[in-house]
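# A look at the structure
Okay, here's what each chain looks like letter by letter:
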Amino acid sequence: MIHGKYGRVLGMVLAGGKGERLMPLTRYRAKPAVPFAAKYRIIDFALSNMVNSGLFSIYCLIQFKSQSLHEHIGKGWQFGSALRGRDFFVNVVPAQMWDGERWYEGTADAVFQNMHLVTLFNADRVCVFAADHVYKMDVEQMLAYHMDNKADVTVAAYVVPSSEASQFGCIATDASGRITDFVEKPAVPPEIPGRPGFSFVSMGNYIFEREILGESVLSDNERKESTHDFGRDILPKLFNDYKLMAYDFSTNVLPGGDKPYWKDVGSIKAYWEAHMDLLLHPSALSLYNQMWPIRTVSYSDPPCFTYPANDHSCSVDACMCAEASRVLGAYVRKSVLSRNCVINSGSVVEESIIGQNVTIGSNCRLHRVIVDSHNIIPDGTSIGYDHAADAELYHVDPTSGVVVVGMPSIDLRQKMQIPGSYEIFSTDGSGF
C-alpha cells in the first residue's frame, strides 16, 4: 500500500472528458467510458495503474454523459466489505456546485470544486491523473522520484522524436530534469538535454504537494481569463516559483517484463491504431501480464465460440475475441470482437473493431470499420470499400479512412430483434 513512506496519498482521476474527436463513439458516453480492447473501458487503465501500484484511495471526477461510467465503476471497482473504509475506495464525484451552479469548467476547476475532499482525506500529496489515455505505469515509481527530488509538482513526461512533438504540449527541462518551460504545440519543440532529436511531452499525469495544489487551483479560479486547465493555465505559472520536475516515463519498469506504454486515443485514427497494435505479437501493449493485470467488470458470459456454418468454413486469424463472441462460418482477420457479438456465415471482417451486442448478418464485407455497440448489420452489407457511399450512411474519419457505425438510438434499439442472440439488450448496466 502506497501510504507510509509517501505520506497520505490521494488519487484524483479526471474522467469528465467529452471526447469530441472520438465522435460518434462519444455520442452517448464520456470518453473514459468508451470501450477498448474487446472487454475494457478506457478508464480501466488509469484505475488499474493506481490499484496495481498500491493506491487504493481514488476519486473519479465525472461529468459529461456519465451514466455508463458511473455504473461501470460501481460494478467493477468496489472493494469488498472487509476493505471498505477511509483508505479503500473508488468513488465517482460529479460536479457538486459548492461554488455556484456551474459544471466543471476545466481539469483544474474540477479539482478546485473538490478540494474539500482532499482536506477531508487529509492528503499529503495528490496524484491527478488522466482517465482518457491508454497506458500502463507504476505510479509508485513516479511518487518515489517526486519524493527523492523534493519536488512541489512532478509531471509525467513521454519521450517522442522532436519531429513528432509539435502536436503535443511540450516540456523544457534542464539537465537535472527540472522543468524550465511549458510550450503548447510549438513549431520547434525543445529537446531533452543530452538527447538531441527527442522531446518531452506531457502525459497529463501530475503529482502535487497538497498545499501547492490548493493554492494553485484557488488562484486559477480567480483568473477570469483562465480556461482552468492544468496544462494550459496552472503549470506554466508555477515553474518559476516552485520546483517542478519532469518524470521520464521511459524509466518506468513494470513487474513481469512489460515495457511502459502510453497512447492518447483521443481521435478515431489513434483509437483504431491502438487496437491494431494489440493484434501484433508481441504487442507493445500487453494485456497478458499477470503481475500487472488490467482490471474491469467481470460478467458471467459464456466462452468465445467459432463454428463452420451453412457450408462456409470458419477462419479467425490474429484476432482478439471477448466472452460470448461467436464467429459462425465467417472469415475474420486482424479484428477485435467484443462481448456478445455474432458474425454470421459468408461474411468477411478485416481490420475492424466490433462492439458488444453487435450482429453482423450473412455475406457481409467489412474492412477498416468500427461498429459501435448494439448494431445490426443486415445481410449482404458492404462497408469500408466505397467511402463515398459509406459517407451517406456512416461516419468516415477523414484522417484515416476508418468508417464508424455509430450506436443506434435507444428508440431504435428497443425495436431490434436479433434471432438467436445470447443477449438482445444490455441488462448488465453496460448499455452504452
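Up top you'll find the structure we're talking about.
One structure accompanies this document, and this report is about it. (Residues numbered from 1 in each chain as written. Predicted model: local features only at pLDDT ≥ 70, side-chain atom pairs only at ≥ 80, totals over all residues. Heavy atoms only, no water.)

### Here we look at the overall build of the chain
Filter applied, for reference: Starting at the N terminus, helices and strands are each numbered in turn, a helix being any DSSP run of H or I of at least four residues and a strand any DSSP run of E of at least two. For this measure, only C-alpha atoms enter the radius of gyration; the expected value for a globule follows 2.2 Å times N^0.38, where N is the number of residues. Classification of residues uses two cut-offs on accessible area relative to the type maximum, computed with a 1.4 Å probe and protein chains only: under 20% is buried, over 50% is exposed, and between them is partly exposed. Contacts are assigned to residue pairs with any non-hydrogen atoms lying within 4.5 Å of each other. Accessible surface is estimated by sampling points in the Shrake-Rupley manner with a 1.4 Å probe; for residues, cover comes only from the protein chains shown. Only four residue types enter the tally: Lys and Arg on the positive side, Asp and Glu on the negative side, with His and both chain ends excluded. Charge positions are represented by NZ for Lys, CZ for Arg, CG for Asp and CD for Glu.
A count of helices and strands for the chain gives ten helices and 29 strands. Against the compact-globule benchmark of 22 Å for 432 residues, the chain has a radius of gyration of 22 Å, which places it among compact chains. If one aligns the C-alpha atoms of the chain with their principal axes, the spans along those axes are about 70 × 50 × 45 Å. Taking all 432 residues of the chain together, the buried fraction comes to 57%. Considering only contacts in the chain between residues 6 or more positions apart, those separated by 24 or more positions represent 60%. Of the roughly 18,200 Å² that the chain leaves accessible, carbon and sulfur atoms contribute 51%. Side-chain charges in the chain split into 38 positive and 48 negative, and the spacing between the mean points of these groups amounts to 3 Å.

### What about the sheet that holds strand β23 (residues 359-360)?
Where we set the bar: When DSSP finds two or more bridges between a pair of strands, those strands are recorded as paired.
On the basis of which strands lie adjacent, the open sheet formed by five strands has the order β14-β17-β20-β23-β26 and parallel pairing. Edge positions in the open sheet fall to β14 (305-307) and β26 (376-377), since each of these has one partner strand only. Here β14 runs beside strand β17 (residues 326-328); their pairing, made up of three bridges, is parallel. For Y307, the partnering residue across the bridge sits in β17 and is L328.

### Side note on the nonpolar core
Put simply, the rule reads: Definition of nonpolar core: a set of buried residues of the types Ala, Val, Leu, Ile, Met, Phe, Trp, Tyr and Cys, connected through side-chain atoms within 4.5 Å.
Formed by 41 residues in total, the largest nonpolar core has its most connected members in L61, V111, F208, V217, F230 and L235. Dropping the residues within four chain positions of it, F230 is found in contact with T107, A108, V111, V128, Y206, F208, L213, V217, L235 and P236. Counting 40 residues, the second-largest nonpolar core is a separate cluster that includes I62, M142, V201 and I207.

### Describing the sheet that holds strand β24 (residues 365-367)
In any sheet, the strands associate via hydrogen bonds between backbone groups, in a parallel or an antiparallel arrangement. Strand order across the open sheet formed by five strands is β15-β18-β21-β24-β27, with parallel pairing between neighbours. For this open sheet the edge positions go to β15 (315-317) and β27 (382-383), each flanked by a neighbour on one side alone. By the bridge criterion, three bridges tie β15 to strand β18 (residues 331-333) in an arrangement that is parallel. If you follow D317 over to β18, its bridge partner there is R333.

### What about the state of the cysteines?
Keep this limit in mind: Disulfide assignment relies on a single distance test, namely cysteine sulfur atoms paired within 2.5 Å.
Taken as a whole, this structure holds zero disulfides when the rule is applied. As a non-bridged cysteine, C60 has C127 as the owner of its nearest cysteine sulfur, 13 Å distant. Accessibility expressed as a relative area gives 0% for C60, which makes it buried. The thiol of C321 is not disulfide-bonded; the next cysteine sulfur, from C304, is found 4.3 Å away. Given the relative accessible area of 30%, C321 is considered partly exposed.

### Examining the packing of helix α1 (residues 43-52) against helix α2 (residues 67-76)
Here is the rule we go by: Axis lines are fitted to C-alpha atoms, over the contacting stretch for helices. Their N-to-C directions set the angle, which ranges from 0 to 180 degrees. Helix crossings fall into two classes, left-handed where the near helix is turned counterclockwise from the far one by less than a right angle and right-handed where it is turned clockwise.
Where α1 contacts α2, the axes come no closer than 12 Å and their chain directions differ by 35°. For the element pair α1 and α2, the recorded crossing hand is right-handed. On α2, the residues that touch I43, D44 and L47 of α1 are L69, H72 and I73.

### So, the pattern of salt bridges
The line we're drawing: By definition here, a salt bridge exists when the distance from a side-chain nitrogen of Lys or Arg to a carboxyl oxygen of Asp or Glu is within 4 Å.
Inspection of every chain in the model, using the stated rule, returns 13 salt bridges. A salt bridge links D264 to K31, with the nearest nitrogen and oxygen atoms 3.7 Å apart. Taken as a pair, D264 in strand β13 (residues 261-264) and K31 in the loop between β1 (9-15) and β2 (35-36) lie far apart in primary sequence, 233 residues in all. Assessed through its relative accessible area of 25%, D264 is described here as partly exposed. According to the relative accessible area criterion, K31 is buried, its value standing at 7%. Its salt-bridge partner being K136, residue D258 comes within 2.4 Å of it at the nearest N-O pair. Of this pair, D258 sits in the loop between β12 (244-248) and β13 while K136 sits in strand β7 (residues 133-136), and the two are 122 residues apart along the sequence. Each member of the pair, D258 as well as K136, is classed as buried. Each of K31, D132 and D264 takes part in one network of salt bridges that share partners.

Everything listed is a geometric property; what it means functionally is a separate question.
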